[in-house]
Amino acid sequence: MSVKLSDVIRSIETVAPKNLAEDWDNVGLQVGASKQVIERILITLDVTVDVVAEAVDKKADLIIAHHPFIFNGLKTLSADYQKGQIITQLIKNDIALYVAHTNLDKAENGLNDYLAHLLGLKSIQTLDPSDPKSYFKLVVYAPAEATDKIIDVFGKNGAGSIGDYDYCTYRSSGIGTFRPLQGANPFIGEVDAITSVDEDRIEAIVPEELLKQLILQLKKNHPYEEMAYDIIPLENGKFINQNGLGKIGRLENPLKSQDFIDHVKKILNLPSLRGAGVIPETIRRVALCSGSGADMIGLAKAKKADVLITGDLKHHDGQRALENNFWVLDAGHFGTEKCVAECFKAIIKAGLKENCPEMIIAEASKDFIINY
Ligand SMILES: [Zn+2]
C-alpha cells in the first residue's frame, strides 16, 4: 500500500502536533518532500549510518525517528563528515526523514502514555500537564441543501471528534441575508439585490492543528463564493487534554519493590536497572518520564508516587532522590525510549487504517551505552 508522505505526517501530527515540541527542539520533515509517495517505512529511535544502510537495504522510502538528526548548528553537508554522509545517502536513495521528538513525548497518547500502558499502569494522568491543546468551535453558515456535505467535510477532516465519537456536529436553522455587489458571481440571488435564504448554522469542535486544512476543504466544498464562518476559541483543552511531560498512574495490584524491579526489567526487556534513593517496601503509584526525566523527582514525590522511572540518571540526581527520601529507577535513555518504534507504528496504523504502508522497526537502532 502506498500513501503520500503528507498523509503519514498528518497521522502522526494529529496525535503529536508540532506546536507541542519544546522551543529548543527541531521536529518535522528533515529530508524529502511531503508529496513523495511512501511504500515502506523504517522506524528508529536514532538516525545512524547503520540505520540508513538498513533503510537502503530494505528499500524503505521513509525513516521516522524520535531523536532529531538535524538538531542545530548544521554548518556543512560535506560527505567528509558523518552527518554529511548520512544526508547524502538519504538524498541519493530518495529516502525521506521525519522526526517527532518532544511533541511525541508530551502528546496525550504519545510515547509516555505508551510506556505507561506497557508497564500496566491504570488511571494514568500527566505528571506535568503544562501544555493544554487548543480547541476551537468552528461555525459555518450554509444553505440548507448543502448542510450534509458540510458535515461530511467536518467529519473527514477531524472536526467533531470527541472521545470514541466522531462527526459530532450541531445544526440550527435560520435565515441568512446578503447583497451581492458589482463583480460578484452569486450562487443564489442577483447583483445589487438583498437576498434572504434558508440557511443552517453548522458547528463542531476542532483542534487547532486541523483548523487551517479544514477551512481550506470547507471553502472548496461550500457552494457560496464567500463562505461565512466564525472561529471561536474554547477553554476545553485545559480540562479534557492530557498533554505534558511524564505520566503517573497506579499498578492494578501493588508489588513488593523487588517484584516491581523484576516487572520493569521484564516489560522493558532489560538485563539490569540502576537506581538511587530510598526503596519503599511496596509500590502502588508509579511516575515515569521517558529519556532524561530526573528533573521530575520533586514533582513525582509531590504527586505521591512511590517511584520515578526515567533514564540518564546522574550522580547528583541520585543524591537528590536520597535527600528527598524518594526512589528513582534508571532504565536508561534507550531502555525507556526504544518502545517509540511500536508507539509510532500504532499511531500511524490508527491514522491511516487500511491505507497503511509497510512498517519495519530498525534492527540497527541500538543503545549507544554498553555495559561490559
Ligand atoms: Zn530521548
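Along each chain, the written sequence defines residue order, and numbers are assigned to residues from 1. Per-residue local features are limited, in this predicted model, to residues with pLDDT of at least 70; the limit for side-chain atom pairs, both in listing and counting, is 80 or more; totals at the level of whole chains, interfaces and linings are taken over all residues. In computing side-chain properties, one takes all heavy atoms of the structure into account and sets aside hydrogens as well as water.

## Examining the UniProt feature "binding site: a divalent metal cation" (unreviewed entry) in the protein chain
UniProt positions are given in the numbering used here, feature names are shortened, and annotations may be inferred rather than shown by experiment. Under the local residue numbering, the UniProt record ascribes the feature "binding site: a divalent metal cation" (unreviewed entry) to H66, H67, D105, H333 and E337. Spanning 272 residues, the annotated positions come together in the fold, the maximum distance between their C-alpha atoms being 12.8 Å. Counting from the N terminus, the helices are DSSP H or I runs at least four residues long and the strands are E runs at least two residues long. Among the secondary structure elements, H66 is positioned in the loop between β5 (62-65) and α3 (82-92). Partly exposed describes any residue whose relative accessible area lies between the buried limit of under 20% and the exposed limit of over 50%, with all areas from a 1.4 Å probe on protein chains only and scaled to the type maximum. Judged by its relative accessible area of 0%, H66 is buried.

## Quick word on the packing of helix α1 (residues 5-15) against helix α13 (residues 340-352)
In helix packing, the relevant descriptors are the interaxial angle and the interaxial distance, both defined with respect to the helix axes. At a minimum axis separation of 9 Å, α1 and α13 run at an interaxial angle of 110 degrees. With respect to each other, α1 and α13 are oriented roughly perpendicular. Of the residues in α13, those touching α1 at D7, V8, S11, I12 and V15 are F344, I347, I348, G351 and L352. By residue class, the composition of the contact of α1 with α13 is seven nonpolar, two polar and one charged. For helices, the fitted line uses only the C-alpha atoms of the stretch in contact; every axis is such a line through C-alpha atoms, and the angle between N-to-C directions lies from 0 to 180 degrees. Should an angle lie under 35 degrees it is considered roughly parallel, over 145 roughly antiparallel, and from 65 to 115 roughly perpendicular; all remaining angles are considered oblique. Two residues form a contact once any of their heavy atoms are found within 4.5 Å. As a working rule, the residues Ala, Val, Leu, Ile, Met, Phe, Trp, Tyr, Cys and Pro are called nonpolar, Asp, Glu, Lys and Arg charged, and the rest polar, with Gly in that last group.

## Some details on the pattern of salt bridges
Whenever a carboxyl oxygen of Asp or Glu lies within 4 Å of a side-chain nitrogen of Lys or Arg, that contact is scored as a salt bridge. Scanning all chains against the criterion turns up 13 salt bridges. Across the pair R10 and D7 runs a salt bridge, and its minimum N-O distance is 3.3 Å. Placement of the pair is R10 and D7 together in helix α1, with a separation of three residues, close to one helical turn. With relative accessibility at 27%, the residue D7 sits in the partly exposed group. Members of the salt-bridge network, linked through shared partners, are E54, K58 and E363.

## Quick notes on the packing of aromatic side chains
Between rings of Phe, Tyr and Trp, where Trp is taken as its six-membered ring, a pair exists when centres lie within 6.5 Å; planes separated by under 30 degrees are stacked, by over 60 edge-to-face, and by other angles tilted. Using the criterion set out here, one finds four aromatic pairs in the structure. Ring centres of W24 and F71 lie 6.2 Å apart, and the angle between their planes is 75 degrees; this geometry places the pair in the edge-to-face category. Of this pair, W24 sits in the loop between α1 and β2 (28-31) while F71 sits in the loop between β5 and α3, and the two are 47 residues apart along the sequence. Plain terms: the ring middles of F178 and Y224 are 5.6 Å apart, the flat faces sit at 65 degrees to each other, and that makes the pair edge-to-face. Here F178 is found in strand β9 (residues 170-178), whereas its partner Y224 is found in the loop between α7 (208-221) and β11 (228-234), with 46 residues between them in sequence. Judged by its relative accessible area of 23%, F178 is partly exposed. Residue classification places Y224 among the buried residues on the basis of a relative accessible area of 12%. Three or more aromatic residues joined by ring pairs make a cluster, and in this case those are F178, F187 and Y224. Sitting over the ring of F69, K83 keeps its end group 4.0 Å from the ring centre. In our convention, an over-ring charge means Lys NZ or Arg CZ found within 6 Å of a ring centre and within 35 degrees of that ring's normal.

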